[in-house]
Amino acid sequence: MKQMIVRLKNPFALAACAAIAAALVMNAPLAMQGARAALALCGNVIIPALYPFFVLAAIYVQLSGRGKTKRPAIGAILLGLLGGYPVGAKVIAQLHTQGQLTREQAQRLQLFCVNAGPGFLIGAVGAGMLGNRRAGIVLLAALTAGSLIMGTVLCFGRTKPALTQLQPKTEPVSLLIAVSQATKSIILVCGWVVLFGALTSLLHLLPFGWWGAIPYLQVLMEVSTGTAAMVQAQVSLPVLAAGLAWGGLGVHAQVLGDVKSTGLPLWKFWLARLAHSGLAAGICALLVRVIPVHTAVSVAAVAGASAPVRLWAVSAPAGIALLIFCVFVILELDLRRKM
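Definitions and cut-offs
Residues numbered from 1 in each chain as written. Predicted model: local features only at pLDDT ≥ 70, side-chain atom pairs only at ≥ 80, totals over all residues. Heavy atoms only, no water. Phe/Tyr/Trp six-rings, centres within 6.5 Å; stacked < 30°, edge-to-face > 60°. Helix = DSSP H or I, 4+ residues; strand = E, 2+ residues; numbered from the N terminus. Buried < 20%, exposed > 50% of the residue type's maximum accessible area, 1.4 Å probe, protein only. Axes fitted to C-alpha atoms, helices over the stretch in contact; angles between N-to-C directions. Contact = heavy atoms within 4.5 Å. Core = buried A, V, L, I, M, F, W, Y, C linked by side-chain atoms within 4.5 Å. Patch = residues over 30% accessible without salt bridge, like charges linked within 9 Å, V, L, I, M, F, W, Y side chains within 5 Å. Areas by Shrake-Rupley, 256 points an atom, 1.4 Å probe, with all protein chains shown as cover. Salt bridge = Lys/Arg side-chain N within 4 Å of Asp/Glu carboxyl O.

All right, on to the packing of aromatic side chains then. All told, the structure shown has one aromatic pair when counted by the stated rule. Ring centres of Trp-192 and Phe-196 lie 6.1 Å apart, and the angle between their planes is 45°; this geometry places the pair in the tilted category. Taken together, the positions of Trp-192 and Phe-196, both in helix α9 (residues 175-201) and four residues apart, correspond to about one turn of that helix. Owing to a relative accessible area of 27%, Trp-192 belongs among the partly exposed residues under this scheme. The class of Phe-196 is buried, set by a relative accessible area of 10%.

Structural data, given as structure tokens:
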């Protein structure tokens, strides 16, 4: 609390908060429009795509706490790749708290396990915004390959540190606890999305000559609405991949508590986000040379970017990802029985 009070005494921070508050009050209709768009995004895309993975993540953490897990990092990596931005970081932090991952392991994993999931990339961005599901698959391949390359480089030549032996829990896995934790997590995520949705709407107060930069500034701040803005600006697919790999400050705020719990310095986390952006953009540029995908959005696709995303477009790839992870959990349980 004392540290928080000292930080609030910073005159620059106070001036910035006062300026933002004044802008929100003076431009309330604009801010409300941004908040309403963010709420619609939460209902149409974020909750259907992320909530099931939050439940599975909570169940996986409970399973890991019941006994010794030979490869706890595999589950965290899978959830980071399949679940969506905040899921991987949250699982890593919880496994670290349980003693399933060392401090060093957790920090390395959090450098490359914060990724967009297939439900968002294929369903929301590809089919819903770009009007081309193949484009979403290319984006998913580029971001996944970039993340795995980073993981390989970060983990190459590392020795396996010893884990603190904890007493396994004897309580049964509770679906009620998993749903409760998942509900709290999804509310927190949606809260950040709505907040940044209102804040990014203020970018339209910039002089008209700066309006061309608004999509890029918006994706730097909030990835969901920023991606829609970049689609409407008809940016190339590699540039879009770079923005999606960065994740936006809204996502960074969602995982900030989990990142800090492992002791990972924030500057390393941001440097890793920038490295992932560069890798994803480069890989995407190579892929579009091989796979025939339009790198500029058509007029029809731009018009569809502002329309609500259909739930079925999001749930189909997410359902496949859920099945993959369920298979992983079943194999893990089967391995426990044989031990």
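Contact geometry for helix α6 (residues 103-112) and helix α14 (residues 266-290): axes closest at 8 Å, N-to-C directions at 40°. In this structure, α6 contributes Gln-110, Leu-111 and Phe-112 to the contact, and α14 contributes Lys-268, Phe-269, Ala-272 and Arg-273.

Our next topic: unusual backbone geometry. Even without being glycine, Gln-234 reaches a positive phi, approximately 60°. By the element assignment, Gln-234 lies in the loop between α11 (223-232) and α12 (237-246). Residue class for Gln-234 comes out partly exposed when judged on its relative accessible area of 40%.

Tracing the backbone through its elements, the reader meets His-252 in helix α13 (residues 248-261). Assessed through its relative accessible area of 5%, His-252 is described here as buried. Not counting chain neighbours up to four residues away, the residues in contact with His-252 comprise Trp-246, Gly-247, Phe-269, Trp-270 and Arg-273.

What follows concerns the nonpolar core. Formed by 74 residues in total, the largest nonpolar core has its most connected members in Ile-46, Val-91, Leu-139, Leu-237, Leu-240 and Leu-244. Once residues within four sequence positions are removed from consideration, Leu-244 is found in contact with Tyr-85, Phe-120, Leu-121, Val-125, Leu-139, Leu-143, Val-223 and Thr-227.

Now for a nonpolar patch on the surface. The grouping of Trp-267, Leu-271 and Leu-274 at the surface amounts to a nonpolar patch, some 360 Å² of accessible area in total. Among the structural elements, Leu-274 can be located in helix α14.

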